[in-house]
Amino acid sequence: MLKRELGILTLLVLLCVHGVKAVDLITCEGLTANLTCAQGTIEVLSANYGRTDRATCSTGRPANQLANTQCLITTPLNVLATQCNGKTSCSFGVNNRDFTDPCPGTYKYMNVSYECAAPPPLSTPSPPTTTTTTPPTTPPPTTTTPPTTTTPPITTTPPTTTTTTTPPPTTTPPTTTTPPPPTTTTTKPDIICQGRSSVLSCAKGRTLLIHHANYGRRDRVTCPPAVARFPPCISSVTRNIKLWCNGKRRCVLLGTNSYSNDRCPHINKYLEVSYSCE
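All values derive from a computational prediction rather than experimental measurement.

S.K.: Can you break down the sheet that holds strand S6 (residues 109-117) residue by residue, with the values?
M.R.: By way of backbone hydrogen bonds, the strands of a sheet pair with one another, either parallel or antiparallel. Strand order in the open sheet made by the four strands is S1-S6-S3-S4, with antiparallel pairing throughout. With one partner strand each, in any of the chains shown, strand S1 (22-28) and strand S4 (71-73) form the two edges of the open sheet. The average angle at which neighbouring strand axes cross in this sheet is 25 degrees, direction not considered. The sheet contact formed by strand S3 (residues 41-51) and S6 spans nine bridges and is antiparallel.

Have a look at this one:
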C-alpha cells in the first residue's frame with residue numbers, strides 16, 4: 001500500500017514535468033511536499049489540510065486516527081500561494097506547526113492542486129513597410145489652332161457703364177461630430193458555497209475588478225442545507241477579495257471562514273462576489 005501511494009505521488013510530479021495543465025498532489029502528515037514545473041511557473045489553485053476519507057494516507061495507522069472524516073481547512077491556500085506562486089519549484093513540510101491543526105488526534109494529509117503557468121510569448125516586431133510612390137505622368141501639351149476671325153465694319157457706339165453686384169459670401173454651418181457611445185462593462189455575480197472553490201477569469205488583455213463581496217448567509221435557498229432559522233449572518237469582505245484578485249487575469253476563491261470572523265458557527269455559509277473584466 002505504501003509503495004502504491006509513493007508511486008501515485010511520483011506520477012503526479014511527472015505529469016506536471018511533462019506539461020499537464022493541472023496537478024493534484026497529496027502529501028501525508030510528517031512528509032515534505034514538492035511542487036515542480038519543468039516549463040512555466042507554479043500557480044496554486046487550491047490547498048486543503050485535514051482528512052475527508054479513511055483510505056488516503058492510512059498505511060500503518062490505527063482506526064481511531066482515521067475515524068474523523070469531517071476534518072478540513074482551506075487556509076493553507078493563502079500561505080502556499082504566497083510561498084510558491086511564480087516559482088519553478090517549491091517544497092514545504094506538512095505538519096501541525098506550520099498549518100493549523102483542525103482535528104487533534106487525527107492523522108491528516110495535504111491536498112494541493114496547482115498548474116504550471118506558461119510565461120507570455122515574446123512579441124516579434126514586424127519589419128517596417130516600405131511604400132513606393134510613382135510620380136504622375138504629365139500628358140503632352142495640346143496645340144489649339146485659333147479660329148479665323150472676320151473683321152466687321154467699325155461702328156461707333158457710345159460707352160456703356162456696367163454695374164456688377166457681388167453676392168454675399170455663403171456661410172457653411174459647422175459640422176457636429178457625434179461622440180461614440182460609452183463602452184459597457186458587464187458585472188458578473190458568483191456564489192461560492194462553503195468548502196468549495198471557484199475560479200474568476202477574464203479574456204486575454206483584460207483584468208479582474210472586484211465590485212463587492214460578502215460572506216455568510218442571507219436566505220435558506222442558496223447553498224443548501226440550511227437550518228430553518230438563523231440570525232442575520234453576513235459580513236462584507238470586499239477589501240480582502242480586492243487585495244487578492246484585483247488586477248489579475250485569473251483568481252481562485254474559496255468558500256471559507258478565512259476571509260472574515262465566523263459570525264454564525266455551525267451554519268453553512270457562502271461567498272457572494274460581484275466583479276467585471278476591465
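S.K.: Could you give me a rundown of the environment of Ala-67, with the residues and numbers involved?
M.R.: Counting through the fold element by element, Ala-67 comes out in the loop between S3 and S4. C-alpha separation for the pair Ala-67 and Thr-52, spaced 15 residues apart in sequence, amounts to 9.7 Å.

S.K.: Describe the packing of aromatic side chains, listing the residues and the values that go with them.
M.R.: Per the stated rule, a full pass over the model turns up two aromatic pairs. Taken together, a centroid distance of 6.0 Å and an interplanar angle of 45 degrees make the contact between Tyr-49 and Phe-99 tilted. Taken together, the residues Tyr-49 in strand S3 and Phe-99 in the loop between strand S5 (89-93) and S6 connect sequence positions 50 residues apart. Per residue, the accessibility class of Tyr-49 equals that of Phe-99, and both read buried. Centroid distance Phe-92 to Phe-99: 6.2 Å. Interplanar angle 70 degrees. Geometry classified as edge-to-face. Taking the relative accessible area as the measure of exposure, Phe-92 reaches 6% and is therefore buried. Taking relative accessible area as the criterion, Phe-99 reaches 6% and is therefore assigned buried. Through pairs of rings, three or more aromatic residues link up here, namely Tyr-49, Phe-92 and Phe-99.

S.K.: Would you mind going over the pattern of salt bridges in detail, with residue names and values included?
M.R.: Taken as a whole, this structure holds six salt bridges when the rule is applied. The closest approach of N and O atoms between Arg-97 and Asp-98, which form a salt bridge, is 3.7 Å. The exposure class of Asp-98 is partly exposed, given its relative accessible area of 43%. Connected through shared salt-bridge partners, Glu-29, Asp-101 and Lys-108 make up one network.

S.K.: Requested: an account of the environment of Lys-87, with residues and values cited.
M.R.: Within the fold, Lys-87 resides in the loop between helix H2 (76-84) and S5. Sequence spacing of Lys-87 and Thr-36 is 51 residues, and the spatial spacing of their C-alpha atoms is 8.5 Å. For Lys-87, the residues in contact, after removing those within four places along its chain, are Thr-41 and Ile-42. Within the local environment of Lys-87, its side chain forms a polar contact with the backbone oxygen of Gln-83, the two atoms lying 2.9 Å apart.

How each quantity is defined
- Residues numbered from 1 in each chain as written.
- Predicted model: local features only at pLDDT ≥ 70, side-chain atom pairs only at ≥ 80, totals over all residues.
- Heavy atoms only, no water.
- Pairing = 2+ DSSP bridges.
- Helix = DSSP H or I, 4+ residues; strand = E, 2+ residues; numbered from the N terminus.
- Axes fitted to C-alpha atoms, helices over the stretch in contact; angles between N-to-C directions.
- Phe/Tyr/Trp six-rings, centres within 6.5 Å; stacked < 30°, edge-to-face > 60°.
- Buried < 20%, exposed > 50% of the residue type's maximum accessible area, 1.4 Å probe, protein only.
- Salt bridge = Lys/Arg side-chain N within 4 Å of Asp/Glu carboxyl O.
- Contact = heavy atoms within 4.5 Å.
- Polar contact = N/O pair within 3.5 Å; in protein donor to acceptor, adjacent residues only side chain to side chain.

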